[in-house]
Amino acid sequence: MPVSYAQKPLLGKLTLTSQLSAETGLHIGGGGENLDIGGLDKPVIRDPLTKYPYLPGSSIKGKLRSILERLLNKPLNRSGGSGTWRYESDDLNDGFTEVKGRFIAYEGARTCQISRLFGSTGGSNFWMPIETAREEGLYNEDNSNEDNSTYTMQNQNCIKIIQNQNCIKINRGRNAPARLIIRDCHLVPESAEKLKQVDTGLYMTEWKFENGIDRVTAAANPRQLERVPAGSKFQFELVYTVENKNQVIEDLQNIAIALAILEDDALGGHGSRGYGKVRFQNFQFSYRSLAQYRQMTSTPPGTSALQPLETIPNTQALLDNFGSLSEYVNRLLPGD
């Protein structure tokens, strides 16, 4: 039976909350509903009910993923469209992505620090060592399995020696769900009330006028962008699913480093022009084990099964005192 048929373990959920502050104006685009003369070229994304600006969790997650790909020096093996490239595990096990006649080694999602945090979608027409494919049930020399959509017939075109390993071509890889959930970030109430008082002609945001200059004629090409003003504060929350206690500390450390790097980078568009400087403050960790979820029906009203950790003021303190977080996790997840 292929290993992928086994259910993934669930040990508990670790939640991290923080306050995300915009240190400079921030733009994450939402697409315009119409084009008005003299109107905005690039509006920000807004909640359709309240019309408040917010930060999509997908934007933050994508930024953190790209940061970790560079930090861990992952190869670019998957086209992202529009001429962009990114990294992704083609399968749960190690193998080789074929890109324009080159073979790029990827790490399987079971152990890859990127794919186990952010998830991965199985690749198509990649290569895997024959022994590994046989053990995983992805290759059958007799091709006797009626459902052979993931198998490749053994012939001279689908077996190659790659990096001194006999490899076979696999038609479709297996997906790996993400351990990390990042929520949409909504304005904290106090910040929302302050932004309502902003008088810029826009609701709770500001205009940013820019010019593109023709280097030959010096002609200006003006444009207007909408930004969330500096000083805006959002509630940030991520949830980490604990599946393997031996990987928790490494995963959390990667998240902490990525958050610190993000503070020295930019969130959203036009970061090289000063947009999108952010700051994380007042980290709070809490953990709920699988046993605690099962006991919730018997928990007295008004009480919580969450186990808190002392508030950590900023990313520098988070990195400096990571040993305390490690001890906290180890207490929550004792050895067998």
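Since the structure is predicted, the reported quantities are computational estimates derived from the model, not experimental observations.

Asker: Just to check I follow, could you spell out helix α5 (residues 248-263) for this structure?
Answerer: Under the 1.5 Å per step criterion, the end-to-end length of α5 is 23 Å for 16 residues, consistent within 8% with the ideal 22 Å. Turning to α5, its buried residues are V248, D251, L252, N254, I255, A256, A258, L259, A260, L262 and E263.

Asker: When you look at the side chain of D90 in this model, what are you seeing that I'm missing?
Answerer: With respect to the element layout, D90 can be found in the loop between β3 (84-86) and β4 (95-99). The buried category is assigned to D90, whose relative accessible area is 2%. At 2.6 Å, the side chain of D90 forms a polar contact with the side chain of T97.

Asker: Is there a simple way to think about unusual backbone geometry in this case?
Answerer: Both trends apply: most residues other than glycine have a negative phi, and most peptide bonds are in trans. The phi dihedral of K51 falls on the positive side, at around 65°, and the residue is not glycine. Assessed through its relative accessible area of 42%, K51 is described here as partly exposed. Its identity as a non-glycine residue notwithstanding, H270 has a phi of 65°, on the positive side. Turning to its location among the elements, H270 is positioned in the loop between α5 and β14 (278-289).

Asker: Explanation requested: the packing of aromatic side chains in the structure shown.
Answerer: Where two aromatic rings form a pair, the distance of their centres and the angle of their planes describe that pair. This model, assessed by the stated rule, comprises five aromatic pairs. Seen in terms of ring centroids, F236 and F280 are 5.2 Å apart; in terms of plane orientation they differ by 65°. Their pairing is edge-to-face. With F236 in strand β13 (residues 233-242) and F280 in strand β14, the pair connects residues that are 44 residues apart, well separated along the chain. Owing to a relative accessible area of 0%, F236 belongs among the buried residues under this scheme. Seen in terms of ring centroids, F280 and F283 are 6.2 Å apart; in terms of plane orientation they differ by 25°. Their pairing is stacked. Connected via pairs of aromatic rings, a cluster forms that spans F236, F280 and F283. The side chain of R227 reaches across the aromatic face of Y275, ending 4.6 Å from its centre.

Criteria and cut-off values
- Residues numbered from 1 in each chain as written.
- Predicted model: local features only at pLDDT ≥ 70, side-chain atom pairs only at ≥ 80, totals over all residues.
- Heavy atoms only, no water.
- Helix = DSSP H or I, 4+ residues; strand = E, 2+ residues; numbered from the N terminus.
- Expected span 1.5 Å × (residues − 1).
- Buried < 20%, exposed > 50% of the residue type's maximum accessible area, 1.4 Å probe, protein only.
- Polar contact = N/O pair within 3.5 Å; in protein donor to acceptor, adjacent residues only side chain to side chain.
- Phe/Tyr/Trp six-rings, centres within 6.5 Å; stacked < 30°, edge-to-face > 60°.
- Lys NZ or Arg CZ within 6 Å of the ring centre and 35° of its normal.

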